[in-house]
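Residue strings, one per chain:
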Amino acid sequence: MYAIETSTANIPNKEQILAEIRGVRAFWYYMMIDFFGNGPLVTSFTDLNLPSTTQRKDIYAFVMSELNDIKDKVRSDVSAASYGKITKGAVYTLLAKMYLNALVWNPQGGPKWQECANACDVVMGLKYSLESNFKTNFQVNNEVSKEFILAAIYSKSSGGNNIAQQTLHYLDYQALGIKLAGWNGISAQPDFYKSFDPEDKRLKWSFLTGPMINPVTGKVIMTAHGRELIHFVDIIKKYSIDASGWGQVEQEDGARCSKWDFEPGLAIAAQENDYGIFRLADVYLMKAEALVRMNKDNAIATDLVNTIRKRAFDSASKLFSSVTLTDVYNERRFELAWEGMGRQDQIRFGTFLDEIPDWKPAKTNTNLLIFPLPQSVMAANPNLTQNPGY
C-alpha cells in the first residue's frame, strides 16, 4: 500500500486498488475485533515503533471509517473477474457485520440495527442470488456460485481447503471413494446436531453420520480397536475421566463435517472447494435479525427466512408464519453450520457462556467472550497489554 501511495508511476485504477487493499486490512481488523477485542492498530508503514494496545472501540471506529470511505471506491461488478476480491458487495456485507455486532463491539455507540438493514439492502440490490441448489455453494468447483459475496479461493496447487483431513476418521476414506486418511478430528456437538428438524435436508448436506461401508466387501469397516466404524451422533466420555469431567471417547463417535463435497479420488489435503467467507444467505438472515430486533416489518423478515428454508424443506408446513428472534438465531445456526459464524452469533444472542450438557458448565466470567493475545505476540511486543482475565 505504501509503495503504491508513494509511487510516481502512472498506475491505472490506483484509487480502486488502494481501496481494495484497505478493504483487506479492514477485514482482518474486523477479525481481530471479534476474536481479541483489543490489539495493536498499525496504519503507518514508516513508523518503526512497536505499537501499544488499542481498545476495541477505537479499532471499531477505525474499521467503520475505512469501510465508509472505500465503499464507493471499490469495484461493484459481480463477475468472474471480481471473484475473491474486495468489492462493493464485500464492503457492504462487512459494514452489515459491524453494525450487527455494534452493541457487543462498541456498546457506547448504541444499536445499529437500521444501519445493518440498510447495508444488507445494498448487497441484496447487487447481482447476487441464492442458489436453488444449496450444495452448489460447497461442491468441488464452487466458484460458479452466484451466492458468494467474498470467497477464499483454494486450489490443490497453491494450498487447499483441508476440512476433509481435519474431520474424517482415519479409515473413512475407504467408504467415501477418496485416498486421504483423516486426522479423526472435529465433530459436531451432539445437542447441536439434534436441534435440527429431522426433515431439514441440511442435516444430510452438512454432516456425515452412520455406518461407513467398505464398497468392496459391503460390510462396515472395522477400526484398529476392533469396533465397527459407525459415526454415532452422541459422543460419550467413557475412559480416563478426570476430576474436571474430561475423558476419552470412542474414536468413531461424532457427526463429521461433510458440508464441502469430497472430490472422488482425493489424495492430498488440499481440496479445490472454495470457502464462502460471506454469502447471500447470511445477508438475508442479518437483515431479518435487524428487522425483528427493531420490531418492524416482520412480514419482510419472515419472507427472508422462509426463502432460505424453502430449499431445506420439501413441505411448506415448515415455513414460518411470523418469525421470532429465536427463529432467526436457530436458522443462522442451521444454515451456516461449520461456516465460522456460530461463536459470533452466540455472543450477540447471549448464549455463548451457556452450559453444554456433559461438556461444560455455564460460565459467568465475561472475559471468555474474547481470546487472550497469543503468548508469542506478547513476547514479541512488550508494549502490548494482555486482555483482562488472562
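Refer to the structure above for everything that follows.
Structure report, in brief. No experiment lies behind these values; they were computed from the predicted model shown.

## Structural notes on the overall build of the chain
Check the secondary structure of the chain and you find 15 helices and 8 strands. Relative to the compact-globule value of 21 Å for 390 residues, the chain shows a C-alpha radius of gyration of 23 Å, a close match. Its C-alpha atoms put the chain at 70 × 50 × 45 Å along the principal axes. A total of 390 residues make up the chain; the buried ones form 47% of that total. In the structure as shown, the chain presents an accessible area of about 18,600 Å², 54% of it carried by carbon and sulfur atoms. Across the chain, the 41 positively charged side chains and the 43 negatively charged ones have centroids separated by 1 Å.

## What about helix α2 (residues 14–35)?
Relative to the 32 Å expected for 22 residues at 1.5 Å per residue, α2 spans 32 Å between its end C-alpha atoms, a close match to the ideal helical length. Downstream of α2 by one or two residues, Gly37 has phi in the positive range, about 75°.

## Some thoughts on the pattern of salt bridges
Here the structure, examined in full by the defined rule, presents 34 salt bridges. Put simply, Lys135 and Asp261 hold a salt bridge, and the shortest N to O gap is 3.1 Å. With Lys135 in the loop between α6 (113–124) and β3 (148–152) and Asp261 in the loop between β7 (256–257) and β8 (275–279), this pair connects stretches of sequence that are 126 residues apart. Classification of Lys135 as buried rests on a relative accessible area of 13%. Put simply, Lys201 and Asp314 hold a salt bridge, and the shortest N to O gap is 2.9 Å. Pair noted here: Lys201 is in the loop between α9 (190–194) and α10 (202–206) and Asp314 is in the loop between α12 (298–309) and α13 (325–335), with a separation of 113 residues, a long-range link. The partly exposed category is assigned to Lys201, whose relative accessible area is 28%.

## Some details on unusual backbone geometry
Residues apart from glycine generally show negative phi values, whereas peptide bonds are mostly found in trans. A positive phi is found at Asn13, a non-glycine position, where the angle reads about 55°. Mapped onto the secondary structure, Asn13 falls in the loop between α1 (2–6) and α2. Positive phi, normally seen in glycine, also occurs at Asn184, with a value near 55°. Its place among the elements puts Asn184 in the loop between α8 (173–176) and α9. On the basis of relative accessible area, Asn184 is assigned to the buried category, the value being 15%.

## Some details on the layout of surface pockets
Size it by volume and the largest pocket reaches roughly 1,200 Å³. Along its surface, the largest pocket is lined by 37 residues, and Phe192, Arg333, Gly342, Arg343 and Gln346 are the ones closest to its centre. For the lining of the largest pocket, the elements supplying multiple residues, two or more each, are α7 (163–167), α9, α13 and α14 (342–349). No other element matches α14, which puts 4 residues into the lining of the largest pocket. Tallied by class, the residues present in the lining of the largest pocket amount to 18 nonpolar, 10 polar and 9 charged. Taken as a whole, the second largest pocket encloses approximately 380 Å³ of empty space. What lines the second largest pocket is a set of 19 residues, and nearest its centre among them are Phe27, Trp28, Met31, Tyr275 and Ile277.

## Re the pairing of β3
Of all the 5 residues making up β3, 5 are buried; the element is thus mostly covered by neighbouring parts of the structure. Pairing geometry for β3 and β8, over 4 bridges, is antiparallel. Opposite Phe148, over in β8, you have Arg279 as the bridge partner.

## Regarding the packing of aromatic side chains
As enumerated under the stated definition, the model contains 22 aromatic pairs in all. Measuring from ring centre to ring centre gives 5.1 Å for Phe134 and Phe138, while their planes differ by 45°; the resulting arrangement is tilted. The same class applies to Phe134 as to Phe138, namely buried. Relative to Trp338, the ring of Phe207 lies with its centre 5.7 Å away and its plane at 50°, an arrangement referred to as tilted.

Reading guide: rules and limits
- Residues numbered from 1 in each chain as written.
- Predicted model: local features only at pLDDT ≥ 70, side-chain atom pairs only at ≥ 80, totals over all residues.
- Heavy atoms only, no water.
- Helix = DSSP H or I, 4+ residues; strand = E, 2+ residues; numbered from the N terminus.
- Rg over C-alpha atoms; globule rule 2.2 N^0.38 Å.
- Buried < 20%, exposed > 50% of the residue type's maximum accessible area, 1.4 Å probe, protein only.
- Areas by Shrake-Rupley, 256 points an atom, 1.4 Å probe, with all protein chains shown as cover.
- Lys, Arg positive; Asp, Glu negative; His and termini not counted.
- Charge placed at Lys NZ, Arg CZ, Asp CG, Glu CD.
- Expected span 1.5 Å × (residues − 1).
- Salt bridge = Lys/Arg side-chain N within 4 Å of Asp/Glu carboxyl O.
- 1 Å grid on protein atoms, 1.4 Å probe; cavity = no way out; pocket = protein on both sides within 12 Å on 5 of 7 lines; lining within 4 Å.
- Points joined across faces, edges and corners; volume = space filled by probe spheres on them.
- Nonpolar A, V, L, I, M, F, W, Y, C, P; charged D, E, K, R; others polar.
- Pairing = 2+ DSSP bridges.
- Phe/Tyr/Trp six-rings, centres within 6.5 Å; stacked < 30°, edge-to-face > 60°.

From the geometry alone we can't say anything about function, so treat these as descriptive.
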